[in-house]
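# Commentary on secondary and tertiary structure
Each chain is listed here by its residues.
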Amino acid sequence: MKSTLLWSGIASLAQLIWLVLAGPLALGLMRKVRSVIEGRDGARVTQPLRDLRKLAARQRTRPTDATWIFSAAPLVLVASALVLGALSPLASLHVLMSSRVDVVAVLFVLLLGSVALLLSALDTGTAFAGMGSSRAAMVGAMTEPALLVAILAMSLGAGTSNLARLVDAGVATSTLAGPARILALVSFFIAVLAETGRLPVDNPATHLELTMIHEAMILEYAGPDLALITWGESMRLVLLVGLFSNLALPWGIATSVGALSLGVGLLALTLKVAVVAIGVSLFEVTTAKLRLFRVPELLAGAFLLGVLSVISAVALR
Amino acid sequence: MTFRIAVRALTRRSRDAEILAAPTTLHPSAARLHGSLQVRHVDAGSCNGCELELTSCFSPVYDVERFGARLVASPRHADAIIVSGPVTHNLHEPLRKTYDAMGEPRLVISLGDCAHDCGEFRGAYGVAGSVDDVLAVDAHVPGCPPHPTDIVRVLRSFTGQ
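Quick look at the structure, then. (Residues numbered from 1 in each chain as written. Chains lettered and ligands numbered in written order. Predicted model: local features only at pLDDT ≥ 70, side-chain atom pairs only at ≥ 80, totals over all residues.)

Tallying secondary structure elements over chain B gives 7 helices and 7 strands in all. In sequence order, the secondary structure elements of chain B are arranged as α-α-β-α-β-β-β-α-β-α-β-α-β-α. Taking all 161 residues of chain B together, the buried fraction comes to 43%. Within chain B, contacts between residues at least 6 apart in sequence are counted, and of these 84% link residues at least 24 apart. (Helix = DSSP H or I, 4+ residues; strand = E, 2+ residues; numbered from the N terminus. Buried ≥ 20, exposed ≤ 12 C-beta atoms within 10 Å, placed from the backbone. Contact = placed C-beta atoms within 7 Å.)

Let us now look at the overall build of chain A. Each helix and strand in chain A was counted, giving 11 helices and 0 strands. Taken from N to C terminus, the helices and strands of chain A fall in the order α-α-α-α-α-α-α-α-α-α-α. The C-alpha atoms of chain A give 19 Å as radius of gyration, which agrees with the globular expectation for 317 residues (20 Å, within 12%). With respect to the three principal axes, the spread of C-alpha positions in chain A is 55 × 45 × 45 Å. Here chain A, with 317 residues, has 53% of them falling under the buried criterion. Contacts spanning at least 24 positions in sequence make up 81% of the contacts within chain A whose residues lie at least 6 apart. (Rg over C-alpha atoms; globule rule 2.2 N^0.38 Å.)

Attention now moves to the sheet that holds strand S2 (residues 69–71) of chain B. Residues and elements named next belong to chain B. Ordered in space as S2-S1-S3-S5-S7, the 5 strands form an open sheet in which the pairing is parallel. Only two strands of the sheet have a single partner each, and these edge strands are S2 and strand S7 (139–141). Going across the sheet, the axis of each strand differs from the next one's by a mean of 30°, ignoring polarity. Relative to S7, strand S5 (residues 107–111) is paired through 3 bridges, and the arrangement is parallel. Bridge pairing in S7 links Ser110 to His140. (Pairing = 2+ DSSP bridges. Axes fitted to C-alpha atoms, helices over the stretch in contact; angles between N-to-C directions.)

Now for the interface of chain A and chain B. Many structure descriptions define interface size as the accessible area lost when the parts assemble. Facing the 25 residues of chain A at the interface are 20 residues of chain B. Taken together, the elements giving at least two residues each to the side of chain A that touches chain B come down to helix H2 (47–56) and helix H9 (223–248) of chain A. Per element, the largest residue contribution to the side of chain A that touches chain B is 5 residues, and it comes from H2 of chain A. Here the residues of the side of chain A that touches chain B are counted per class, giving 6 nonpolar, 8 polar and 11 charged. (Nonpolar A, V, L, I, M, F, W, Y, C, P; charged D, E, K, R; others polar.)

Moving on, we get to the packing of helix H5 (residues 127–158) of chain A against helix H6 (residues 163–172) of chain A. Residue and element names in this part refer to chain A. Closest axis-to-axis distance for the H5/H6 pair is 10 Å, and the angle between their directions is 65°. Crossing of H5 over H6 shows left-handed handedness. Taken together, the residues of H6 that come into contact with H5 (itself represented by Met154, Ser155 and Ala158) are Arg165, Leu166 and Ala169. Along the lines of polarity and charge, the residues of the contact of H5 with H6 split into 4 nonpolar, 1 polar and 1 charged. (Left-handed = near helix turned anticlockwise from the far one by under 90°.)

Residue Leu199 of chain A is joined to Pro200 of chain A through a cis peptide bond whose omega torsion reads 0°. When you line up the elements, Pro200 of chain A lands in the loop between helix H7 (179–195) and helix H8 (214–217). Residue Asp63 of chain B is not a glycine yet carries a positive backbone phi of 40°. Among the structural elements, Asp63 of chain B can be located in the loop between helix H3 (49–57) and S2. Given 22 C-beta atoms within 10 Å, Asp63 of chain B falls into the buried group.

A rise of 1.5 Å per residue sets the reference length of helix H10 (residues 259–285) of chain A, with its 27 residues, at 39 Å; its end C-alpha atoms lie 39 Å apart and thus fit the reference within 8%. For H10 of chain A, the set of buried residues is Ser261, Leu262, Gly265, Leu266, Leu269, Lys272, Val273, Val276, Ala277, Val280, Ser281 and Glu284 of chain A. (Expected span 1.5 Å × (residues − 1).)

Moving on: the pairing of S5 of chain B. Residue and element names in this part refer to chain B. S5 sits mainly inside the fold: 5 of its 5 residues count as buried. When strand S3 (residues 80–84) meets S5, the two strands line up parallel, connected through 5 bridges. Residue pairing for S5: Ala80 is matched across the bridge by Leu107.

Printed below as a string of structure tokens:
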């Protein structure tokens, strides 16, 4: 019993360390893929780490009207990502508190970071930041239901909403391709793209104020605060991509305690996240950003797929 | 499509030789930048010749991003502002505000002959002065318009990559 607890502690710690590095590196990998397809060499995959190191040493600036919310938001964002990194089944099913981590709770802890960022943008008093946060609120309000319904469909299939058991159910089943599952995963994937501010919902590389959603909210951050936000956002991306790949292709995740299975789990996770990240990049290069008023149609589509998935999960049970 | 990309990647190499040569002189601040330079561009009244050349620095031909430089959307995010054109009366105040919005340590790069001595526009009624009259300039890229190779060289003297 005691050694199980020790091993789940080690698994959580290993996942945390993995997440801290994997976030910026995934960002670098996605930029690299994009550059190569555009016919450029592009920055090194490790460039985001250099950027973070330099930003951390810069001066912290603060708009004159900002309150404590502005200073707290980057910390909340990073803290929420780190908590989920330690407690979600990314590399191993046996992490700390794995029997209590409910999938709905995971989504809401994730939402905590988004809301903190949204409030911090309003707090600056800048016109653009306010516009960015109202757009982010609109996208977020339509992404969450799609995510929740997709999760509900998968929970119905597995008979549990516990995240570790949900992934475990995927490991156990021999048929991964039921209609309910595929519909739910497509819906989940669109919601992940929207939640992490990727194309076609938001353009992470934009400099045009009128097309900004996420970027508009962080225009006032500088130095260490900006480093925390970039870092936190990249960890959220990896977290969601990791959860998606574990729900879609659970193979390789450590189902037993021990150093070997944990190592294999981390390796499998790295591979899966890299493949999905490259896939997202390829998808982004070939897609144009949607007009803001078309975004609800996409997200409503994702929600609809989720609902269909729930119906087929109930009907086929 | 893959074939076209491959052909372009191969033919591009010949033009690269001049750009790819490692930076010979480093700016003193290169050590603390750790190979990463975020740049905010400010057009203080340029004829847009410099802007065309600056844009092509980030194109597939010159691709300065591979050396660690990146354009950003806010002066708060930037290590350096790159200022082009003579400073007009209308842009004098916004230029100062942009500079004030940056966190320390901050760098100023002046782009093109106009930014240095007002060039063609010297003495014009709309011109307040050169960039040197308004801000302390850390590096200058000469030329009218400056060649992208020169811009890349100056940016690389900061990133050190």
